[in-house]
Amino acid sequence: MTHVEMMRGAKFNKNGIGKDRAPIVMVPKPQISGKNDVLIKVTAVAICGTDIRALANPPAFDFVDGIIVGHEATGVVEAIGEDVTNVKVGDHVVVHPNIWCGKCPACRLNKINLCENFRHIGDRIDGAMADYLCIEERMVYVIDKAVPKHVAAMAEPLACVLNGTTSYKAHPGDTVVVLGGGPIGQIFAMLYKANGATVILSEPSEYRRNLANELGIEITVNPFEEDLNAKIREFSPLGADIVVDALGVMLPTAIEIARKGGHITIFGVNQTAKVEIPQYPITEKELTIQGTYITKGTMQLAVKILENKNIPIDKLVTHRMPLEKMMEGIELSKSGMAGKVVIEI
């Protein structure tokens, strides 16, 4: 009889409530099965907004029942398939969680983030909120061992934001307004500030505004108590050069505050969001509106930024918790009284 090694994993239960939504259970440890496989001993996984929405009751994001959750992962290579050449046992690595097919029309147009046959770890197939993860070599990137595991876990969300900031770059003198001060909005703000722009973060939560100040974002606005448009005009009389909707529901506001000829980036993923869009000012102001979805060739750049400490992203990780407290981490993230919560395994 073959002995099956077991490990801990947070397994999604679509009918569960509270801690039973993704209980920590014993599951079979994945094994190297292909020549290009990499077996990773997971050391840390950051909680994503999609995790928060999927593990809510009722869910606002669709996960496959029974899979192991988690996708913003880092770890140490434990074993490799015979054809693996880019990583070796003992390497510290980060994981690209969106496995593209390479064959569909989108992939053949080099739009790998728009693959029609995605296998996302952590929502479609087993993810990383476990002791081990096995994934193809092409989805794994080596990161310097000196980068702390809770910081390395930020590579994937950083790469996703870089997809937006590299698609439309800010320049010194530009005014950028970020709508929403969650972790993604904070990363947008840090990156655009690093480019030399004047960055204004609009966020109702005092906790998140204070966190932004700690991250070096000096100009924050509570849009419920202050006139955001008037604040922007103090720095850019014509309006914002770039507006980022980090929530996915703020397009009407973005259209209002952007200058003529300005650019709007929509990042926030909200499957239930429905907003009424005023068409005339888009035309009259000749606005460019661009959606940006996950990461597209920016993981290596994210690794370089983390290794070089180009932005203070380590300060964005406000809570580090063990695997057994993952659902507590979900609730903490949902409360808005945390920056990024990282589960350390």
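Before reading on, note that the structure itself is shown above.
Treat the numbers as computed from the prediction; the structure is a model and nothing was measured. The numbers attached to residues start from 1 for each chain and follow its sequence in the written order. Only residues with pLDDT of at least 70 are given local features in this predicted model, and only at 80 or more are side-chain atom pairs given and counted; all residues enter the totals for whole chains, interfaces and linings. Excluded from the side-chain calculations are hydrogens and water; all other atoms, namely the structure's heavy atoms, are used.

Draft legend 1. Here's a closer look at a nonpolar patch on the surface. A contiguous nonpolar patch, built from Leu247, Val249, Val275 and Ile277 and spanning about 280 Å² of accessible area, is present on the exposed surface. Helix numbering and strand numbering both begin at the N terminus, where a helix is a DSSP run of H or I of at least 4 residues and a strand a DSSP run of E of at least 2. Position of valine 249 among the secondary structure elements: in the loop between strand S13 (240-245) and helix H8 (251-257). Classification of valine 249 by relative accessible area gives partly exposed; the value is 32%. The patches described consist of residues with a relative accessible area above 30% and no salt bridge, like charges being joined within 9 Å and nonpolar side chains (Val, Leu, Ile, Met, Phe, Trp, Tyr) within 5 Å. Working definition of accessibility: Shrake-Rupley area with a 1.4 Å probe, residue cover restricted to the visible protein chains. The salt bridge definition used is simple: a Lys or Arg side-chain nitrogen within 4 Å of an Asp or Glu carboxyl oxygen. Exposure categories follow from relative accessible area, calculated using a 1.4 Å probe and restricted to protein chains: below 20% of the type maximum is buried, above 50% is exposed, and the middle band is partly exposed.

Draft legend 2. Local environment of the pairing of strand S14 (residues 258-266). Pairing between strands requires that DSSP locate at least two bridges from one strand to the other. Inspection of the sheet shows S13 paired to S14 by 5 bridges, in the parallel sense. Of the residues in S14, the one forming a bridge with valine 243 is isoleucine 264. As for the winding sense of the linkage, the β-α-β connection from S13 through H8 to S14 is right-handed. When the strands point away from the viewer and the path from the first strand over the helix to the second turns clockwise, the crossover is right-handed.

Draft legend 3. Spotlight on the sheet that holds strand S10 (residues 175-179). With parallel pairing, the 6 strands of this open sheet are ordered in space as S12-S11-S10-S13-S14-S15. Two strands lie at the open edges of the sheet, namely strand S12 (219-221) and strand S15 (288-291), each paired on one side alone. Recorded for the sheet is a direction-independent mean angle of 20 degrees between the axes of neighbouring strands. Axis lines are fitted to C-alpha atoms, over the contacting stretch for helices. Their N-to-C directions set the angle, which ranges from 0 to 180 degrees.

Draft legend 4. Region of interest: helix H5 (residues 183-194). Given the number of residues in a helix, its expected span is that number minus one, multiplied by 1.5 Å. Between its terminal C-alpha atoms H5 stretches 17 Å, which fits the 16 Å expected from 12 residues at 1.5 Å a residue. By the criterion of burial, H5 is predominantly enclosed, with 10 of the 12 residues buried. Looking at the residues trailing H5, positive phi occurs at glycine 196, about 100 degrees.

Draft legend 5. View of the layout of surface pockets. What the largest pocket holds in volume is close to 1000 Å³. Cavity: a set of points on a 1 Å grid over the protein atoms alone where a 1.4 Å probe fits but cannot get out. Pocket: an open set with protein on both sides within 12 Å along at least five of seven lines, its lining residues, like those of a cavity, having an atom within 4 Å of a point. If you go around the largest pocket, you meet 43 residues; those closest to its centre are Cys48, Gly49, Thr50, Arg53 and Val269. Looking at the lining of the largest pocket, the elements with two or more residues in it are helix H1 (49-54), helix H4 (155-167), H5, helix H11 (326-335) and strand S17 (340-344). Among the elements that line the lining of the largest pocket, the one with the most residues is H1, at 5 residues. Polarity classes work like this: nonpolar for Ala, Val, Leu, Ile, Met, Phe, Trp, Tyr, Cys and Pro, charged for Asp, Glu, Lys and Arg, and polar for all others, with Gly in that last group. Residue composition of the lining of the largest pocket, by class: 19 nonpolar, 15 polar and 9 charged. Grid points are joined across faces, edges and corners, and a volume is the space filled by probe spheres set on the points. Its boundaries defined by the atoms lining it, the second largest pocket holds a volume of some 290 Å³. Lining the second largest pocket are 20 residues; nearest its centre among them are Pro30, Ile125, Asp126, Leu133 and Cys134. Every element with two or more residues in the lining of the second largest pocket is listed here: strand S2 (24-28) and strand S8 (132-136). At 5 residues, S8 tops the list of elements feeding residues into the lining of the second largest pocket. When grouped by side-chain class, the residues that make up the lining of the second largest pocket number 13 nonpolar, 2 polar and 5 charged.

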